[in-house]
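# Working through the structure, step by step
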Amino acid sequence: AATLATIQDKLVQKQFLARHGIPTSRFEALDPPSAFARELPCVWKARRDGYDGRGVAMLRTPADVQGLPRQPALLEDLVDIDYELATLVARDASGAMVDYPVAEIVMDPAAHVMDSVVVPSEAPPAVAARCRALARRVAGALDYVGILALEFFVDRGGRVFVNEISPRPHNSGHYTIEACSVSQFEQHLRAVADLGLVEPEVRAAAVTFNVLGAPGARGVPRYVGFDGHGDADRVYVHCYDKPEVRPGRKMAHATVLAETRAAALAQAARIKPELRVESADE
């Protein structure tokens, strides 16, 4: 509960990071919402209830500011992002920790939602080590028990910023189900039940991509292309069985395994257009 109290309000989360010397983009509260006096461009974020691109807006012109919702929010500097990374760290009640590889995350630039996750990343070793060290610092500062996911911005100068913290199994770690000897879900249960953490072994290169509701799709979902893949071609499709499809809603994910990063990326690029979730009445 203490962790959720820190995490669920994005302003409180950012203040926590700053208080513990964790690098994050410069920010300030926007409350009341009419008190906007910030140089553009910048990023607007709702303090609560934002997810998968909801509650986030890029402010580049005065017209963008005029259209903002009237709710408590914060403003962040617009980081000159070179690429984005994510990692998972598990911590038990004794303070022991294990971490997973640093993954590269590719965002959908229009929807501001994660498009795909690639392991291994191409981040320089020093940057990857920095991400893992920061993840451990955050887990320790929270006195957290369980699996913790962190997302990072790396700017064009090579600086690493913590973007967001998620105290749970996370979309960026779904590749661990098939690609690792112990998944993020098992590791979480091991941590909270005091069963002992296990150092994960990475068995293959992996690409995980989301399958979102198709544009205009609403109502009962119809899954297209989901039956044509399986263990034989090292493609693993996870359908979430949500009763309703909406445009951009996460409906499933697929993980592709291969011997190399390049091969996994190529296979994922071939398969991704085949998987769609439409509405049943289309």
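Scroll up to find the structure.
Structural notes, computed from the coordinates. Residue indices follow the written sequence of each chain, beginning from 1 at its first position. Given that this is a predicted model, residues contribute local features only at a pLDDT of at least 70 and side-chain atom pairs are listed and counted only at 80 or more, while totals for whole chains, interfaces and linings are drawn from all residues. Each side-chain value is derived from all of the structure's non-hydrogen atoms; neither hydrogens nor water enter the calculation.

## A closer look at the layout of surface pockets
- Volume-wise, the second largest pocket comes out at about 160 Å³.
- Lining the second largest pocket we find D108, M114, D115, F209, N210, V211, L212, K272 and L275.
- When contributions to the lining of the second largest pocket are tallied by element, the ones reaching two or more residues are β8 (113-119) and β11 (205-212).
- Residue contributions to the lining of the second largest pocket peak at four residues, all from β11. Think of a 1 Å grid over the protein atoms and nothing else: a 1.4 Å probe that fits but is trapped marks a cavity, an open set flanked by protein within 12 Å on at least five of seven lines marks a pocket, and residues with an atom within 4 Å of a point count as lining. Grid points are joined across faces, edges and corners, and a volume is the space filled by probe spheres set on the points. Each helix is a run of H or I in the DSSP string that is no shorter than four residues. Each strand is a run of E no shorter than two, and both are numbered from the N terminus.

## Considerations on a nonpolar patch on the surface
- Patch membership needs two things, relative accessible area over 30% and no salt bridge, and members are linked within 9 Å if like-charged or within 5 Å if nonpolar (Val, Leu, Ile, Met, Phe, Trp, Tyr). Under the convention used here, a 1.4 Å probe and the Shrake-Rupley method define accessible areas, while residue burial counts only the protein chains that appear. Salt bridge, as used here: a side-chain nitrogen of Lys or Arg that lies within 4 Å of a carboxyl oxygen of Asp or Glu. The grouping of V145, L189 and V192 at the surface amounts to a nonpolar patch, some 240 Å² of accessible area in total.
- Relative to the helices and strands, V192 resides in helix α6 (residues 184-192).

## Description of the nonpolar core
- Counting residues in each nonpolar core, the largest one holds 24 residues, and the members touching the most others are L85, V138, L148, L150, F152, V162 and I165.
- The set of elements that each furnish at least two residues to this core consists of α2 (10-19), β5 (81-91), α4 (125-142), β9 (146-155) and β10 (160-166).
- Sort the elements by how many residues they give to this core and α4 lands first, with eight residues.
- Two residues form a contact once any of their heavy atoms are found within 4.5 Å. Setting aside chain neighbours within four positions, we find F152 in contact with Y83, E84, L85, A86, T87, C131, L134, V160, F161, V162 and N163. For this analysis, a nonpolar core means a set of buried residues of the types Ala, Val, Leu, Ile, Met, Phe, Trp, Tyr and Cys, connected via side-chain atoms within 4.5 Å. Working definition: with a 1.4 Å probe on protein chains only, accessible area under 20% of the residue-type maximum means buried, over 50% means exposed, and in between means partly exposed.

## Thoughts on the pairing of strand β2 (residues 42-46)
- With respect to burial, β2 is a largely interior element, five of its five residues being buried.
- Neither face of β2 is left uncovered, since the one carrying C42, W44 and A46 and the one carrying V43 and K45 both have all their residues buried.
- As judged from the four bridges shared by β2 and strand β3 (residues 56-59), these two strands associate in the antiparallel manner. What sits directly across from W44, in β3, is A57.
- Pairing of β2 with strand β4 (residues 73-77), which is carried by five bridges, proceeds in the antiparallel orientation. Each residue of the ladder has a partner; that of V43, found in β4, is E76. DSSP bridges decide pairing: two strands pair if at least two such bridges lie between them.

## A word on the sheet that holds β4
- Pairing is antiparallel across the open sheet formed by four strands, whose spatial order is β1-β4-β2-β3. One side of each edge strand has no neighbouring strand; the edge strands of this open sheet are β1 (27-30) and β3. Ignoring strand direction, the axes of neighbouring strands in this sheet form an average angle of 25 degrees.
- Where α2 meets the sheet, it contacts β1, β2 and β4, and its direction lies at approximately 150 degrees from that of β1. Here the axes come from fitting lines to C-alpha atoms, over the contacting stretch only for helices, and the angles between their N-to-C directions go from 0 to 180 degrees.

## Some remarks on α4
- One less than the number of residues in a helix, times 1.5 Å, gives the span that helix is expected to have. For α4, built from 18 residues, the straight-helix expectation of 26 Å at 1.5 Å per residue is met to within 8% by its first-to-last C-alpha distance of 26 Å.
- Those residues of α4 that fall on the buried side of the exposure criterion are V127, A128, C131, L134, A135, V138, A139 and L142. Considered in projection along α4, the buried side chains sweep an arc of 135 degrees and stay on one side of the axis. Among the exposed residues of α4, those oriented more than 90 degrees off its buried face are P125 and A126.
- Here the buried face of α4 lies against α1 (2-7), α2, β5, β6 (97-99), β9 and β10.
- Count one or two residues on from α4 and you reach D143, which has phi positive near 50 degrees. Note that the arc is computed from the directions linking the helix axis to the C-beta atoms.

## What to know about the environment of F185
- Relative to the helices and strands, F185 is located in helix α6.
- According to the relative accessible area criterion, F185 is partly exposed, its value standing at 36%.
- Spatially, the C-alpha atoms of F185 and R270 are 28 Å apart, while their sequence positions differ by 85 residues.

## As for α6
- Every buried residue of α6 is accounted for by Q184, Q187, H188 and A191. The buried residues of α6 occupy an angular sector of 105 degrees when the element is viewed end-on, so they sit on one face.
- Tucked inside the fold, the buried residues of α6 contact β5, β6, β9 and α5 (176-179).

## Thoughts on unusual backbone geometry
- Here V119 and P120 are connected by a cis peptide whose omega angle stands at 5 degrees.
- With respect to the secondary-structure elements, P120 resides in the loop between β8 and α4.
- Although it is not a glycine, R234 adopts a positive phi angle of roughly 60 degrees.
- Along the polypeptide, R234 turns up in the loop between β12 (221-224) and β13 (235-239).
- The class of R234 is partly exposed, set by a relative accessible area of 28%.
- The backbone of D241 sits at a positive phi, close to 55 degrees, despite the residue not being glycine.
- With respect to the helices and strands, the residue D241 is situated in the loop between β13 and β14 (250-258).

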